[in-house]
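# An overview of the molecular structure
Okay, here's what each chain looks like letter by letter:
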Amino acid sequence: MDLRFTPEERAFREEVRGFFKENLPEDIRRKMVDGHHPSKQDIVTWQRILNRKGWAVPNWPVEWGGTGWDPVRQYIFLDELQSFPAPSPLQFGVYMVGPVIAQFGSQEQKQRFLPRIANLDDWWCQGFSEPGAGSDLASLKTKAVREGDHYVVNGQKTWTTLAQHADWIFCLVRTDSSVKKQEGITFLLIDMKTPGITVRPIQTLDGGHEVNEVFFDDVKVPVENRVGQENKGWDYAKFLLGNERTNIARVGVSKQRIRRLKELAAIERVGDVPLIETPRFAEKLAALEIELKALEMTQLRVVAAERTREKGKPDPASSILKIKGSEIQQATTELLLDVVGPYALPYLPEDEAADHGSNEPPIGPDWAGPAAPTYFNWRKISIYGGSNEIQKNIIAKAILGL
Amino acid sequence: MDFDLSEEQSLLKDSVERLLADRYDFEARKRHGRGPHGYAREMWQAYAEQGLLAVPFAEEDGGIGGGPVETMIVMEAFGGALVLEPYLATVVLAGGLIRHAASAEQRAAWLPGLIGGETTYAFAHTERQARYDLADVGVSARRDGEGWILEGEKSLVLHGDSADRLIVSARTAGSRRDANGLGLFVVEANAPGVSRRGYPTQDGQRAAEVSLSSVRVGPDDVLGSPEGALPAIERVVDEAIAALCAEAVGAMDRMHRLTVEYLKTRKQFGTPIGTFQVLQHRAADMFIALEQARSMAFLATMMAGEEDARERTRAISGAKVQIGRSGRIVGQGAVQLHGGVGVTMEYSVGHYFKRVTMIDALFGDADHHLARVARLGGLIAA
Ligand SMILES: Cc1cc2nc3c(=O)[nH]c(=O)nc-3n(C[C@H](O)[C@H](O)[C@H](O)COP(=O)(O)OP(=O)(O)OC[C@H]3O[C@@H](n4cnc5c(N)ncnc54)[C@H](O)[C@@H]3O)c2cc1C
């Protein structure tokens, strides 16, 4: 047992960090530090920089652009990326549909889609959830009926993140209603420009637009856009969700948020004393750092175990990462509320702030604006990607045998 | 000991609840919020007609002579409907300053318009550097013959953009954060030298940054002693906190009901999600937090009129801590149990969550008041 990173791994970390320093545009980094969302263009720009370096899709098979890094290096890369902070690659392509196509797709699908995902020429979104199928995903109802060389799709997806930007959507659809619900599901790739698709925005409680409803009305999808076999979609979906685990805890994001908290709590004063020197705040912050350190070590144990684990087979321990990771990220947003105090109050939506930002001064400290919206918005982290309740059910069943 | 309402108090509660049930459902609230000042003028008139704006004022001033219990009744109902009108700013804060600090002539001059719904007020007190320290005031008031001249910047003035009059705290002596040397000045919002920048707040209400540049105030527009206003400010802020505790309880109560209703109707895995025991327990925890908050809101109401400032303050601070903590438990729980629906603008539960979160940030958050309770020796006598 040697719990330290090897000299090679430490050198790798330096190399990654050096590349980010040299290549990430400062305005994008600044936005991330300030707690604003990177724009579509920011994400595209950064993805293409990574792609030129050969680091766009580290987790993929080498023949499709993967780097061949072992799980520890994959982890180090993401940790550096998140804590730098740089925009995370659009997960729907790089971490979700890309690996599924690489594993189960036809040769034509691989050639057609994978390079365009790596370069973010195609923006993908995830069409799994439906109004009646959230935690109980397998009960989904969107229907696809085979007619010659097409499927005709009817139904509705919801909570579809950034569908407003999307060129393509990958969907789970029902192709057989007569069997057990998991056994009648098919995985389709659908061009968002196909007639019959309507995207409607859902405004989140912070005022942002990141999720949508997507309606399908007699949408014709060529059979060649089916991944793998008909009615085997659930297996591919499980593989997809199992692949998420290296990213799920977002330890790097929390590290960066804590660094930022320290910076701001040193500026904000309670009387003559910087907030960070008041015992109550200092101890709350320290307690959170301890939790985060524990999570990082747990994450590394999962990563190390991954070297010997079958690809795409979910490790139930990743549920620990999801639960703790989301709780810690949410706790960082609560501490930021503590820092801004009364200046949580003003509501200046991000696009308006961007439009008028240059001539209207902020209300209170210029860093206070995103505090409350982020606190509100990040409640989602314990809801999506398998809610924390569902993750605890997994631990109870799959690990504890209850 | 009696937690029951008197007959008059029950009538007040019924009438305000009925008014809101008729005219303030969630869809109506959205409409009201689109009004020119972010609230509905016609609702303000309705409150005036029902006597709600008269609640805390003495009968000889044209009020109905209510106390903290009556204010609690109104505010709790307002919390349940997420009312947007400037009741806290006008009736509780400004009205409180007028009740405690104004002369009989001043009350006669100002209260009829306030109670009648013709004039709205805002309390311009907070400043950029002050955080939650009520004595931290840098805006200056300088003698000018019989009157005064105000200079400086006020921030986060609740409903300051639409108010007809502002009550401005300003320093007449001493240095920033001195307890002595504060005065209260009543200023017409459109007086020369007053400029305001209004903006929405996270909870759908409004506030303003107010800048005062050589604003003249006549001798009749000073409230009480121009050097000794802090005790009145502290007292009124304690009353406002008690009122906010009641509002938060109303909001939490509604959030909790919405959640329990949702647990009964939302189905996943072929069954209402309320059949999952873990969700039942979470709803039970939220209920416990709500009831603890309700109890402390009662304590705050009971102590809001306490003459001994030290006793009053530590009870009020204790209540504010409980409200802040319960607000997080109930608010976060309500959103979580609603799943994706909980984080949308379209559905009401998120709006209650936002209001309760902002109540925590008003007049001192839970940490601020926790430190104060500790400094004052806790709530249980040694
Ligand atoms: C911001 C955001 C972005 C999203 N992006 C996408 C996307 O891009 N693509 C996509 O397909 N989906 C997306 N989702 C959907 C997300 O995966 C679902 O919200 C999630 O699966 C929960 O489903 P639900 O919202 O219907 O809640 P429900 O499943 O109705 O759950 C409501 C509550 O019940 C609990 N619950 C449910 N079942 C059980 C059980 N068996 N035991 C105990 N508790 C239970 C839940 O934990 C939750 O607290 C997104 C959601 C959000 C909020």
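Everything quoted here is computed from the prediction, not taken from an experiment.

All names here are of chain A. Counted by the stated rule, this structure contains 49 salt bridges over all chains. One salt bridge in this structure joins D136 and K181, with 3.0 Å as the shortest N-O distance. Of the two residues, D136 sits in the loop between β1 (124–127) and β2 (143–147) while K181 sits in the loop between β4 (168–174) and β5 (185–191), which places them 45 residues apart along the sequence. Residue D136 is classed as buried on the basis of its relative accessible area, which comes to 5%. For E327, the salt bridge is made with K324, and the minimal N-O distance between the two is 3.1 Å. Residue E327 and its partner K324 are both found in helix α10 (residues 318–340); the two are separated by three residues, about one turn of the helix. Looking at K324, the relative accessible area reads 27%, which means it is partly exposed.

Below, the discussion takes up the environment of V227 of chain A. Residues and elements named next belong to chain A. Within the secondary structure layout, V227 lies in strand β8 (residues 226–227). Sequence separation of V227 and V152 is 75 residues, and the distance between their C-alpha atoms is 16 Å. When near neighbours in sequence (up to four residues on either side) are disregarded, V227 contacts V100, F104, G105, Q109, F187, L189 and Y236.

Around the ligand there are 31 residues in total, and S135, T161, S387 and E389 of chain A together with R266 of chain B lie nearest to it. Contact distances for the ligand include 3.1 Å between a nitrogen atom and a side-chain N or O atom of N393 of chain A. Look at the ligand: alone it shows 980 Å² of surface, and the protein chains cover 95% of it. Those elements giving two or more residues to the shell around the ligand turn out to be α13 (388–399) of chain A together with α8 (277–303) and α9 (309–337) of chain B. It is α13 of chain A that provides the largest number of residues to the shell around the ligand, a total of three residues. Residues of the shell around the ligand, tallied by class, amount to 14 nonpolar, 13 polar and four charged.

Right, let's get into the UniProt feature "domain: Acyl-CoA dehydrogenase/oxidase C-terminal" (unreviewed entry) in chain B. According to UniProt, the feature "domain: Acyl-CoA dehydrogenase/oxidase C-terminal" (unreviewed entry) maps to residues 242–375 of chain B in the numbering used here. Here residues 242–375 of chain B runs as 77% helix and 3% strand, with 20 Å between its end C-alpha atoms.

What follows covers the packing of helix α9 (residues 279–306) of chain A against α10 of chain A. Residues and elements named next belong to chain A. It is the contact of α9 with α10, at a shortest axis distance of 10 Å, that shows an interaxial angle of 160°. Overall, the two elements α9 and α10 adopt an arrangement that is roughly antiparallel. The interaxial crossing formed by α9 with α10 has left-handed handedness. Mapping the contact onto sequence places F281, K284, L285, L288, E291, L292, L295, T298, Q299 and V302 in α9 and I320, L321, K324, G325, I328, A331, T332, L335, D338 and V339 in α10. Counted by class, the contact of α9 with α10 contains twelve nonpolar, four polar and four charged residues.

What follows deals with the interface of chain B and chain A. Counting residues at the interface gives 44 residues for chain B and 52 residues for chain A. Carbon and sulfur atoms make up 57% of the area that chain B and chain A hide from each other, which totals about 4,100 Å². A per-residue breakdown of the area chain B buries against chain A is headed by R131, R197 and Q202 of chain B, which together make up 18% of the total. Viewed at the interface, chain A and chain B are joined by seven salt bridges. Between D367 of chain B and R280 of chain A there is a salt bridge, with the nearest N and O atoms lying 2.8 Å from each other. Inspection of the region where chain B meets chain A yields 26 residue pairs in polar contact (both at pLDDT 80 or more). Only β3 (147–158), β6 (194–200), α8, α9, α10 (349–361) and α11 (366–375) of chain B provide two or more residues apiece to the side of chain B that touches chain A. Split by residue class, the side of chain B that touches chain A holds 18 nonpolar, 13 polar and 13 charged.

Bringing the packing of helix α5 (residues 91–104) of chain A against helix α6 (residues 107–118) of chain A into the picture now. Residue and element names in this part refer to chain A. Their axes nearest at 10 Å, the elements α5 and α6 cross at an angle of 160°. One element, α5, and the other, α6, form an angle in the roughly antiparallel class. When you trace α5 past α6, the crossing you get is left-handed. Contact residues: G93, V94, V97, G98, I101 and A102 in α5; Q109, K110, F113, L114 and I117 in α6. When the residues that make up the contact of α5 with α6 are grouped by side-chain class, the tally is seven nonpolar, three polar and one charged.

Averaged over all residues, the pLDDT of chain B equals 97, while 100% of them reach at least 70. Scored as a complex, the prediction yields pTM 0.97 and ipTM 0.97.

About the criteria used
- Residues numbered from 1 in each chain as written.
- Chains lettered and ligands numbered in written order.
- Predicted model: local features only at pLDDT ≥ 70, side-chain atom pairs only at ≥ 80, totals over all residues.
- Heavy atoms only, no water.
- Salt bridge = Lys/Arg side-chain N within 4 Å of Asp/Glu carboxyl O.
- Helix = DSSP H or I, 4+ residues; strand = E, 2+ residues; numbered from the N terminus.
- Buried < 20%, exposed > 50% of the residue type's maximum accessible area, 1.4 Å probe, protein only.
- Contact = heavy atoms within 4.5 Å.
- Near = heavy atom within 4 Å.
- Polar contact = N/O pair within 3.5 Å; in protein donor to acceptor, adjacent residues only side chain to side chain.
- Areas by Shrake-Rupley, 256 points an atom, 1.4 Å probe, with all protein chains shown as cover.
- Nonpolar A, V, L, I, M, F, W, Y, C, P; charged D, E, K, R; others polar.
- UniProt positions renumbered as here; feature names shortened; annotations may be inferred.
- Axes fitted to C-alpha atoms, helices over the stretch in contact; angles between N-to-C directions.
- Parallel < 35°, antiparallel > 145°, perpendicular 65-115°, else oblique.
- Left-handed = near helix turned anticlockwise from the far one by under 90°.
- Buried area = accessible area lost by both parts, 1.4 Å probe.
- pLDDT = per-residue confidence, 0-100.

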